[in-house]
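Survey of secondary and tertiary structure
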Amino acid sequence: MLKNFLVGIPVRDFKNPMSRLQNALTIDSRIELSKAMFLNITKSFQDDSTKIVCVTNDKLVKDFCQNNTIETFSSLNNGLNSELEDFLHSYKYDHWTICHADLPYITKFYAQEWIKECKLAELVICASKDNGTPLLGGSKKVKKLMYGNNSFNNHMEIFLNEDIKIKKSFNKEFSFEIDDEEDLKEFLKNKPRWSKKLDF
């Protein structure tokens, strides 16, 4: 079957992930959690029509992906936005999404729901509690991305200026990230099935 849905998952590194949790979790636990969330997301999006790619320039992440049979893309550009723009321009696809690697409540069901939304809209976007963009995708190809501080508002502004029709999704599973200790406490109270084997 033709893999016409492109899923890009940016991962900077596993050296010091989730640094805002350094007072709550050891670095080994943070690395373990980061890797487990990333693998859960790749497995959740996996089906006959999706091409799943980890966007990274880090050798340790590339080795981890190779050991888990996950394709990687490395850009010659520097900076997350430039790397992701390069990634999107380097593949052929009908629909696409960029998914953050720290969304703990993505399951097969919710991944399929997101894929459906992307196929039906020019663009679909989610906002995290700190106004980030944990999920973005659709059927419309974009030229510019605006990840970073206040990325949700920045994305909305540039896409509206380009007259792109944008659908906002308010599903918690698409927007809850483990960014700080408050998020971690909520996660530990409501641990998903994939996390039961975590050693903390």
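Before reading further, recall that the structure is shown in the block above.
Residues numbered from 1 in each chain as written. Predicted model: local features only at pLDDT ≥ 70, side-chain atom pairs only at ≥ 80, totals over all residues. Heavy atoms only, no water.

Notes on the overall build of the protein
- If you tally the helices and strands in the protein, you get seven helices and seven strands.
- Beginning at the N terminus, the succession of helices and strands in the protein can be written as β-α-β-α-β-α-β-α-β-β-α-β-α-α.
- For the protein, whose C-alpha radius of gyration is 16 Å, the value lies close to the compact-globule estimate of 16 Å for 200 residues.
- Put simply, the protein has 200 residues, and 52% of those count as buried. (Helix = DSSP H or I, 4+ residues; strand = E, 2+ residues; numbered from the N terminus. Rg over C-alpha atoms; globule rule 2.2 N^0.38 Å. Buried < 20%, exposed > 50% of the residue type's maximum accessible area, 1.4 Å probe, protein only.)

Some details on the side chain of Asp102
- Relative to the helices and strands, Asp102 resides in the loop between β4 (95-99) and α4 (108-120).
- Although buried, Asp102 forms no salt bridge, and the nearest oppositely charged side chain, Arg20, lies 7.0 Å from it.
- Leave out the neighbours within four places in its chain, and Asp102 touches Met37, Ile41, Phe176, Glu177, Ile178 and Asp179. (Lys, Arg positive; Asp, Glu negative; His and termini not counted. Salt bridge = Lys/Arg side-chain N within 4 Å of Asp/Glu carboxyl O. Contact = heavy atoms within 4.5 Å.)

So, the packing of aromatic side chains
- According to the stated counting rule, one finds 11 aromatic pairs in the structure shown.
- Both rings, one in Tyr110 and one in Phe174, keep their centres 6.3 Å apart while their planes meet at 90 degrees; by these two values the pair is edge-to-face. You can see Tyr110 sitting in helix α4 and its partner Phe174 sitting in helix α6 (residues 172-175), a full 64 residues away along the chain.
- On the basis of relative accessible area, Tyr110 is assigned to the partly exposed category, the value being 22%.
- With relative accessibility at 0%, the residue Phe174 sits in the buried group.
- An aromatic cluster of three or more residues is present, and its members are Tyr105, Phe176, Phe187 and Trp194.
- A cation over an aromatic ring shows up here: Lys172 above the ring of Phe176, its NZ or CZ 5.5 Å from the ring centre. (Phe/Tyr/Trp six-rings, centres within 6.5 Å; stacked < 30°, edge-to-face > 60°. Lys NZ or Arg CZ within 6 Å of the ring centre and 35° of its normal.)

Digging into the nonpolar core
- Core analysis: the biggest nonpolar cluster contains 29 residues, and Ile9, Val11, Phe38, Phe45, Ile106, Trp114 and Leu135 have the highest contact counts within it.
- Those elements that provide at least two residues to this core are β1 (5-10), α1 (27-45), β2 (50-55), α2 (59-67) and α4.
- At five residues, the largest contribution of residues to this core is made by α1.
- Leaving out residues up to four positions away in the same chain, Phe38 has contacts with Ile9, Val11, Phe14, Cys54, Phe64, Cys65, Ile70 and Ala101.
- Within the second largest apolar cluster, 22 residues are counted, among which are Tyr93, Leu123, Leu136 and Met156. (Core = buried A, V, L, I, M, F, W, Y, C linked by side-chain atoms within 4.5 Å.)

In short, geometric facts, not functional conclusions.
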